[in-house]
Amino acid sequence: MLTALLAVLTIGTAATVPVTPAHAADGPVVVNTDTLRDGLFSAYMRSRTNGKEGLRHLFLSAYLYGYRQKNPGVSQATLLKRIVSMDAYYTSNMGADDLDRSVYKYAMKLLELSALHPEAATAAPIIKLLVEETLGQQMSANGAMLDEITAAQFQYAFFSQAHGIQDRIWGLVAQQGRTDADFTHAWDAYFGTRYTVSAAASQDQLMADPIVGTFVNTQALLDHAQNSSEFQAEAREMLQRLLAEINARTAAATESAGEVNLYFPVQGANPDLAEQQRREQEAAERQEWLDGAAAGVHLLATLVSFADPRAAEIVAGTGRAALQIASAVNAFLPALASKGLTAALTSMSGIGLAANVLGAIQALVPLFGGAQPTIEDIILDQLNALREQVSDLTEQMHDRFDRVESALVEIYDTMNAKFDELLELQHATQERLARITRELAELTKKVDFWGQALYFDRQTQERLVVEEVINQYASYRTRTGGRELTFEEYYAQVSKLQFAATNRSVNVPMAAPVGSGDPATVLGLYGFNGSVAYLNDYARRNLGLTAAATQVPAIEYWLMAAEGYKVLLAQNPERAKEVVGVTDQVLASGEAIQDSVRLFSQPRPAGSPERLNPMFTRLVDDYRATGFAIVQRLHAIRDAQQQYRWGYTMFGRPDQTVEKPSAEPAAISSCGAGSVPQRSRPANVVSLDLQPMWVAVAGRPNTPATVCYLAEWVNVTGPEDPDGTRPYTRNADLEVTFRVQQQWDPGQPPVVAREWKKVYPYGRIEQYYPPNRGGQSFVITPIQAMNTGWVSTYKAQFEQSAAYDNSSEPYLRQRVRDWLYQQAGQYYATVVKELTTPGQPLYDLSAQLTERVRLLQAYTKLGFATSVRQDELIGVHLFGFARIPSELGGSQVLAPFVQARDNYCERVDGDGVCVVRKQGDPDPRAGQSPKLVPCTWAEYNDPIERCLNWMVDYRSTQLRQRLETASVRLATVPGYTEGIPEVDDVLQSLRIAEAVART
């Protein structure tokens, strides 16, 4: 098969770039210099922006261009700030698994993030177009194997789209760079320095690039611009050389794959890690060259377009087809090396390879039409060669593909027949080409089906029964050299498939039993698609649904059995027409699926205030009620932690604004006990600016703040221990102290934050004469001394020269900080503990919330299957970036509170007490994922609770509005129905195959 693929590429070197007579005159070629410069810039960037980093820069450049289109007047600094912000957004939303994925899946992740980012989705038409052209079911990620299948199936679509998107985006960057200096400066600052190029680079600068020159010699072509024939002859030679080099890389990849196949056959040993890494590195280096060659193909097509636009289309088409097959074979190598050639995994890689070859063939079909037979004659030669190679590939299918993939033989037989038809149409009309294209697309769809069936349906014996029938009897005639199934053989096998579709599909273990089990357990075991009857019963018991639906098939299993039945039906029409009623039973079981899921979305009758049915309104109302109950419980925990003191917020800073005296006190009381006169406050004694102290007053019980004074004698002289028999005197100085202090610990001295002191010379404070000696004795207290001189003398002197000491103020500030942040940390610790402890209110409410979301997802995915695919907002609010909060598919309730707790608490001790972090100012929003805490507005109380409240309210409201819109459309648009699209496709195919068999 690999040899055949190599031969496919040789068609590129056997033909020349076709040129029509109408464009083959020897006159000059008119070169559009702007278009050429844009093409050169695109080739320059494409040759360097390879792999994941290159894709990231491509998407960021698209965002920058889109933002500029929407905001033409913003400055260079704003543009640069926006691109930095978007890059950070990508980084914050990329996990380790995303970095480990293939380049294709990484691109899909970037698309997903771009689509969900509000500015990326709405910035400008280029962003919207980028998303619309590439977003699709290939975004699904259900495991490594399915990722590989999906990437392989859709890689051609992505390959083609990626070429167009790269050319468009880099071309637009170049165009903008020509005329927009601010845009150029911003782009150059972020990207140009990395790639050594400016968005405003000149044509000569770009033509001097040696990397692009290895693929296309632009100057050599321009040297022949005065003669169209010479110009196009030079282009033909360049294309031949480029295709030959592509072919050489493909041959090298084929040889390497052959080595892996030889040393590690299907049933043999697996390659070790070193071998895997070596083959992956080899393929990565080869792919980098192929990506550069793709840039060369585009540039060459751009140049040829100046002489002959039709010839340019053929250059691009043939070049891309060759590169597509080369890339497919190259990607096959690491798939073999990493998967170890085990049967099932090899089949997946084989499916991908076949899909890519088919995609390359489809790319050539549009080149066949048109009114110029000379072009068609040349394409006809290429298609004949290609037809032979595809035929060779078909013959080798049995040697490479295992089990279910044997059904691809029928696909290739049909594909060959369609190409035979195409080759007979020497002058095909566009209508005929469109029909052939549609039929080839149907083959691609079959490839998708077999790949997904392999992933979904290889788990149970029931599935194996279906697989064995398909493996043995699909394409039976081809695999047995033309032998036809007998009627008995045919009837036995279709009966098995019919039994699977109509009986096995409605029973355990394929479908959930009705009436037992909680939704989380049942949906976890059977999924949405295996739980239709269960969900109907649940809705009738709990949500007001009135119509019953029992015996509903598991959708995925039914699809596999019905598709297999259809294949046998279509391949054996002579036998099928002898069987009566079997197809009707398969159809009836599929229609039962559609009838059942449509009950979930059936709108209310005309005249109702809203058309969304009562079941869904109940689901949304239950979700909202549970979400708001969580919020109320969070309020209760918060209020208790805050001890119902509303004058402060424990989520604020120690310097937050709180209620406090409007002015400093006019009179100051003594710091001691007893009846002591108040003193007028010195102007330099202030407390109102010590904000943390007042925060503690507002929030912490029994933590009063006071401004007081002390008057004391100091520097006392005189007898220390007079005996009372002799006169004596004592002299001293008066010390006046004013303090700002706060009581923190009961029974302990207050914390003195600020202190002002001044010592006044005083003199005699005591005089003593014994009673028998006569004379006057007296004692003057500090308060008495202060009374006589405070107003007249001491106060003014105190204001002028009192010593100030605030060395303890940092201690007080730290006490307030630690107390305040411990309050918030303790709140979050309490919330986390309650969310994680079974039987606690928040734990139970969170479980209820998650169950509500699980049910909403299930009923919406089934009942509004079509709307979910058409209306992005439904998916976003149920499954995407901005989904309604729950613990389903990632913690949206618990995780933000855990992060907030850890922001405040160094640890939580064995008693559940938050040991607060000693440094910095904790912020509950620090380190939060923007997916979980998207709210950025200022918030007085708990910002995590407030954001949760907003998400519950806003997103559920948005979801309800979108479901209401879908219900209105369902009720009012003629012919519009819901249902599972894949089931509709199979039902239609069955009806067609049955009708053909009956003719």
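Here the structure is a predicted model, which is why all the values come from computation and not from measurement.

Rules and cut-offs
Within each chain, residue numbers correspond to sequence positions counted from 1 in written order. It should be noted that, the model being predicted, local features are given only for residues of pLDDT at least 70 and side-chain atom pairs only at 80 or more, the latter also being counted only at that level, while totals for whole chains, interfaces and linings use all residues. Note that water and hydrogens are dropped before the side-chain values are worked out from all heavy atoms of the structure. Numbered from the N terminus, helices here are DSSP runs of H or I no shorter than four residues, and strands are runs of E no shorter than two. Buried, partly exposed and exposed residues are distinguished by accessible area as a fraction of the type maximum, computed with a 1.4 Å probe on protein chains only: under 20%, between the cut-offs, and over 50%, respectively. Calculation of accessible area relied on Shrake-Rupley with a 1.4 Å probe; when residues are assessed, cover is drawn exclusively from the protein chains displayed. A residue counts as positive if it is Lys or Arg and as negative if it is Asp or Glu; His and the chain ends are not included. When a carboxyl oxygen of Asp or Glu lies within 4 Å of a side-chain nitrogen of Lys or Arg, that pair is called a salt bridge. Should any heavy atoms of two residues lie within 4.5 Å, those residues are counted as being in contact. Here, expected helix span is obtained from the residue count minus one, scaled by 1.5 Å. Two axes are fitted around each residue, one to the seven residues ending there and one to the seven starting there, and the angle between them is reported as the bend at that residue. Counting of polar contacts relies on pairs of N or O atoms within 3.5 Å, with two restrictions inside protein: one atom must be capable of donating a hydrogen and the other of accepting it, and residues adjacent in sequence are counted only when both atoms are side-chain atoms. Disulfides are defined in this document as cysteine sulfur pairs within 2.5 Å. The aromatic pairing rule takes the rings of Phe, Tyr and Trp, using the six-membered ring of Trp, and pairs them if the centres are within 6.5 Å, calling planes under 30 degrees apart stacked, those over 60 edge-to-face and the rest tilted. Distance and angle both matter: a charge sits over a ring if NZ of Lys or CZ of Arg is within 6 Å of the ring centre and within 35 degrees of the ring normal. One bridge is not enough; two strands pair if DSSP finds at least two bridges between them. In this analysis, axes come from line fits to C-alpha atoms, helices being fitted only over the stretch in contact, and the angle between any two N-to-C directions falls in the range 0 to 180 degrees. The cut-offs work like this: below 35 degrees is roughly parallel, past 145 is roughly antiparallel, 65 to 115 is roughly perpendicular, and the gaps in between are oblique. Each crossing gets its handedness from the near helix: less than a right angle anticlockwise from the far helix is left-handed, clockwise is right-handed. For this classification, Asp, Glu, Lys and Arg are treated as charged, while Ala, Val, Leu, Ile, Met, Phe, Trp, Tyr, Cys and Pro are nonpolar and the rest, including Gly, are polar. This arc describes the spread of directions from the helix axis toward the C-beta atoms.

K.L.:
Can you break down the overall build of the chain residue by residue, with the values?
P.N.:
Secondary structure summary: the chain contains 39 helices and 9 strands in total. Taking all 999 residues of the chain together, the buried fraction comes to 53%. On the chain, roughly 41,600 Å² of surface is accessible, and the fraction owed to carbon and sulfur atoms is 51%.

K.L.:
Break down the side chain of Glu 964 for me, with residues and values.
P.N.:
Topologically, Glu 964 is positioned in helix α38 (residues 943-972). Comment: no salt bridge for buried Glu 964; closest opposite-charge side chain is Arg 611, at 6.4 Å. Once residues within four sequence positions are removed from consideration, Glu 964 is found in contact with Glu 610, Arg 611 and Leu 612.

K.L.:
Kindly report on helix α10 (residues 181-195), identifying the contributing residues and their values.
P.N.:
An ideal rise of 1.5 Å per residue puts 21 Å on 15 residues; α10 reaches only 18 Å between its terminal C-alpha atoms. The axis of α10 is deflected most strongly, by about 55°, at Asp 188. The set of residues buried in α10 consists of Phe 183, Thr 184, Ala 186, Trp 187, Asp 188, Tyr 190, Phe 191, Gly 192 and Tyr 195. Sitting at the head of α10, Asp 180 places a side-chain oxygen 3.3 Å from the backbone nitrogen of Asp 182.

K.L.:
How would you explain the state of the cysteines if you had to name every residue and give the values?
P.N.:
All chains considered together, the criterion is met by 3 disulfides. The partner cysteine of Cys 671 in its disulfide is Cys 708, sulfur to sulfur 1.9 Å. One quick way to see it: the torsion about the S-S bond of Cys 671 and Cys 708 is about 90°, and its sign makes the bridge right-handed. Pair noted here: Cys 671 is in the loop between β1 (667-670) and β2 (679-680) and Cys 708 is in strand β3 (residues 705-717), with a separation of 37 residues, a long-range link. Judged by its relative accessible area of 24%, Cys 671 is partly exposed.

K.L.:
Talk me through the pattern of salt bridges; I want residue IDs and the actual numbers.
P.N.:
Tallying each qualifying case throughout the model produces 36 salt bridges. Between Glu 282 and Arg 286 there is a salt bridge, with its nearest N and O atoms 2.7 Å apart. Pair noted here: Glu 282 and Arg 286 are both in helix α15 (residues 273-305), with a separation of 4 residues, about one helical turn. Across the pair, Arg 286 and Glu 282 agree in class, each one buried. Across the pair Arg 540 and Asp 537 runs a salt bridge whose closest N-O atoms are separated by 3.6 Å.

K.L.:
Lay out the environment of Val 29 in plain terms, naming residues and giving numbers.
P.N.:
With respect to the element layout, Val 29 can be found in the loop between α1 (2-14) and α2 (33-46). Separated by 197 residues in the primary sequence, Val 29 and Gln 226 place their C-alpha atoms 6.0 Å from one another. Apart from the residues within four sequence positions on either side, Val 29 is in contact with Ala 225, Ser 228, Phe 231, Phe 306 and Ala 307.

K.L.:
Would you mind going over the packing of aromatic side chains in detail, with residue names and values included?
P.N.:
In the structure shown here, the tally under the stated rule is 29 aromatic pairs. Consider the rings of Tyr 644 and Trp 646, whose centres lie 6.1 Å apart with planes at 85°: the pair is edge-to-face. Classification of Tyr 644 as exposed rests on a relative accessible area of 54%. Both rings, one in Trp 950 and one in Tyr 954, keep their centres 5.0 Å apart while their planes meet at 5°; by these two values the pair is stacked. Taken as a pair, Trp 950 and Tyr 954 lie in helix α38 at a separation of 4 residues, close to a single helical turn. On the accessibility criterion, Trp 950 (27% relative accessible area) is partly exposed. Between Arg 194 and the ring centre of Tyr 190, over which it is positioned, the NZ or CZ distance is 4.7 Å. The residue whose ring lies beneath Lys 758 is Tyr 760, and the NZ or CZ to ring-centre distance is 5.6 Å.

K.L.:
I'd love a proper account of the pairing of strand β8 (residues 905-908), names of residues and values included.
P.N.:
By the bridge criterion, 3 bridges tie β8 to strand β9 (residues 914-916) in an arrangement that is antiparallel. Paired with Arg 907 across the strands is Val 915, a residue of β9. Two successive antiparallel strands, β8 and β9, enclose a turn made up of 5 residues, where Gly 912 displays a positive phi of approximately 80°.

K.L.:
So what about the pairing of β3? Which residues, and what values?
P.N.:
Pairing geometry for β1 and β3, over 2 bridges, is parallel. Across the sheet, the residue bridging to Ser 670 is Tyr 709, located in β3. Pairing geometry for β3 and strand β4 (residues 728-742), over 11 bridges, is antiparallel. Opposite Leu 710, over in β4, you have Thr 737 as the bridge partner.

K.L.:
Residues and numbers for the packing of helix α24 (residues 487-502) against helix α27 (residues 555-571), please.
P.N.:
For the pair α24 and α27, interaxial distance at closest approach is 8 Å and the crossing angle is 155°. Here α24 is positioned roughly antiparallel relative to α27, judged by the angle of their axes. Seen from above, α24 lies across α27 with left-handed handedness. For the pair formed by α24 and α27, the contact residues are Tyr 490, Gln 493, Val 494, Leu 497, Ala 500 and Ala 501 on the first element and Tyr 557, Trp 558, Ala 561, Gly 564, Tyr 565, Leu 568 and Leu 569 on the second.

K.L.:
So, the packing of α24 against helix α29 (residues 582-601): which residues are in play, and what are the values?
P.N.:
Two elements in contact, α24 and α29, have axes whose closest approach is 9 Å; the angle formed by their N-to-C orientations is 20°. Between α24 and α29, the interaxial angle falls into the category roughly parallel. Judged by the sense of rotation from one axis to the other, the crossing of α24 with α29 is left-handed. Along the contact surface, α24 presents Tyr 491, Val 494, Gln 498, Ala 501 and Thr 502, while α29 presents Val 582, Gln 585, Val 586 and Ser 589. Taken together, the residues of the contact of α24 with α29 break down into 5 nonpolar, 4 polar and no charged.

K.L.:
Summarise helix α4 (residues 76-92); cite the residues concerned and give the values.
P.N.:
Between the first and last C-alpha of α4 there are 24 Å, a value that for 17 residues agrees with the 24 Å anticipated at 1.5 Å per step. Among the residues of α4, Leu 79, Arg 82, Ile 83, Met 86, Asp 87, Tyr 89 and Tyr 90 are the ones counted as buried. The arc that holds every buried residue of α4, seen down its axis, measures 155°, which confines them to one face. In α4, the exposed residues that point more than 90 degrees away from the buried face are Ala 77 and Lys 81.

K.L.:
Give a description of the environment of Asp 622 that names residues and reports values.
P.N.:
Considering the arrangement of structural elements, one finds Asp 622 in helix α30 (residues 614-641). Asp 622 sits 231 residues away from Val 853 along the chain, and the two C-alpha atoms are 9.8 Å apart. Among all residues touching Asp 622, those that are not within four sequence positions of it are Leu 543 and Arg 852.

K.L.:
Please provide a residue-by-residue account of unusual backbone geometry, values included.
P.N.:
Put simply, Val 508 and Pro 509 share a cis peptide bond, and its omega is 10°. Its location among the elements puts Pro 509 in the loop between α24 and α25 (519-526). If you check the backbone angles, Thr 196 has positive phi at about 55° while not being a glycine. Along the chain, the position of Thr 196 falls in the loop between α10 and α11 (203-207). Residues other than glycine seldom take positive phi values, yet Gln 551 does so here, at roughly 55°. Checked against the element boundaries, Gln 551 lands in the loop between α26 (532-542) and α27.

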